[in-house]
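Architecture and fold: a report
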Amino acid sequence: MQNSKKDIRALTKEQLREFFVSKGDKAFRGNQVYEWLWGKACYSFEDMTNLSKQTRQLLDENFVINHIRVDQMQRSSDGTIKNAVQLHDGLVVESVLIPTSSRTTACVSSQVGCSLDCKFCATAKLKRMRNLNPDEIYDQVVAIDNESRLYFDRPLSNIVFMGMGEPLMNFNNVLLAIDKITDPEGLGMSPKRITVSTSGVPKMIKKLADDQVKFKLAVSLHSAIDEVRTSIMPFNATFPLKDLREALEYWYQQTKSRITYEYVVWKGINDRQKDVDALVQFCKFAPSKVNLIEYNPIGDDMFEQAEESAIKMYQDTLERNNITVTVRRSRGKDIDAACGQLANKIA
Ligand code: SF4
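Summary of the structure given here. (Residues numbered from 1 in each chain as written. Predicted model: local features only at pLDDT ≥ 70, side-chain atom pairs only at ≥ 80, totals over all residues. Heavy atoms only, no water.)

**Describing helix H8 (residues 241–255)**
Helix length check: H8 (15 residues) gives 20 Å between terminal C-alpha atoms against 21 Å at 1.5 Å per residue, within 8%. Among all positions of H8, only Leu241, Leu244, Ala247, Leu248, Trp251, Tyr252 and Thr255 are buried. Taken around the axis of H8, the buried residues stretch over an arc of 140°, which confines them to a single face. Where H8 is buried, its residues touch helix H6 (202–210), strand E11 (216–220), helix H7 (226–232), strand E12 (259–264) and helix H9 (273–283). (Helix = DSSP H or I, 4+ residues; strand = E, 2+ residues; numbered from the N terminus. Expected span 1.5 Å × (residues − 1). Buried < 20%, exposed > 50% of the residue type's maximum accessible area, 1.4 Å probe, protein only. Arc of directions from axis to C-beta. Contact = heavy atoms within 4.5 Å.)

In structure tokens:
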């Protein structure tokens, strides 16, 4: 049966205050409810124990609290945890907890499926069904924070928007979720600990720069040669590297914030010296960091991890050009939780 009650977390704090005033109660009641909803991530009016029974009843008559449910949790031998997260309408996305000795990172989804079509990505095989709401993104973070405390005895330290979906194609909701995550009345996390990873939507990168956002930006680049990039990320034909580069220059001018590039090196695709030379040319206009990421096969013959010698060539050339480079070995491969592998395969 369709529930016609409104999701209370779609209301701003001001709207909650107005609701109580319209019911003859004090506006302050709205602040109390807001604190339960966001500060305490409470999913039941019944549990809002500092509200009277009548107030809880009033809320129950008018609203629902749509929330996620961790449907299934898988733990990798390296400690990585993958959650299959069921949304209120039954759709499923995935999020991942990645522990290291010094930090716990949540990798969260922003869309159900993805509207883009990167050839190396398992999520691309699921068509985009809808954008996630801010509370659905927020809840993924809360669930991983709880798991981090439970299994690793420490709170979540970092968040990356690198799960299912292209975050900048769900721009408003991602920004609203980050507002709540960083709000002292929400999770109070520093924006410096949040990275939004995009495949490169130039217009939206410029908008982030105009908004003077304080979180970090990462770009899944994978090639700085249009022809190559279009062959593995077909939307590059619509948003070519020239436009991406211009948007990133604008980002740097406005924010002075370093750009991270995510980059997988594949055999026979981008493992030549001219590929790395193009990468250097592309990113040397601003302080940059290149993460060379190990490839996680998704059962497609087109892609194969490059030889170690190609990775070494990338490392040496980037370092010679004063570009910070790290090689990231993948985590959670045994449970399909590694980068590019999220495709609701748990069920
Ligand atoms: S890599 Fe990211 S943007 Fe590309 S299809 Fe996968 S989820 Fe979408």
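**Observations regarding the packing of aromatic side chains**
The geometry of an aromatic ring pair is captured by two quantities: the separation of the ring centres and the angle between the planes. Under the defined criterion, the tally for this structure stands at 11 aromatic pairs. Aromatic pair Tyr261 and Phe282: ring centres 6.0 Å apart, planes at 80°, arrangement edge-to-face. Within this pair, whereas Tyr261 is found in strand E12, its partner Phe282 is found in helix H9, the two being separated by 21 residues in sequence. Note on Tyr261: relative accessible area 0%, which makes it buried. These aromatic residues form a ring-pair network of at least three members: Phe120, Trp266, Tyr295 and Phe303. Sitting over the ring of Trp38, Arg9 keeps its end group 5.3 Å from the ring centre. The residue whose ring lies beneath Lys256 is Tyr252, and the NZ or CZ to ring-centre distance is 5.1 Å. (Phe/Tyr/Trp six-rings, centres within 6.5 Å; stacked < 30°, edge-to-face > 60°. Lys NZ or Arg CZ within 6 Å of the ring centre and 35° of its normal.)

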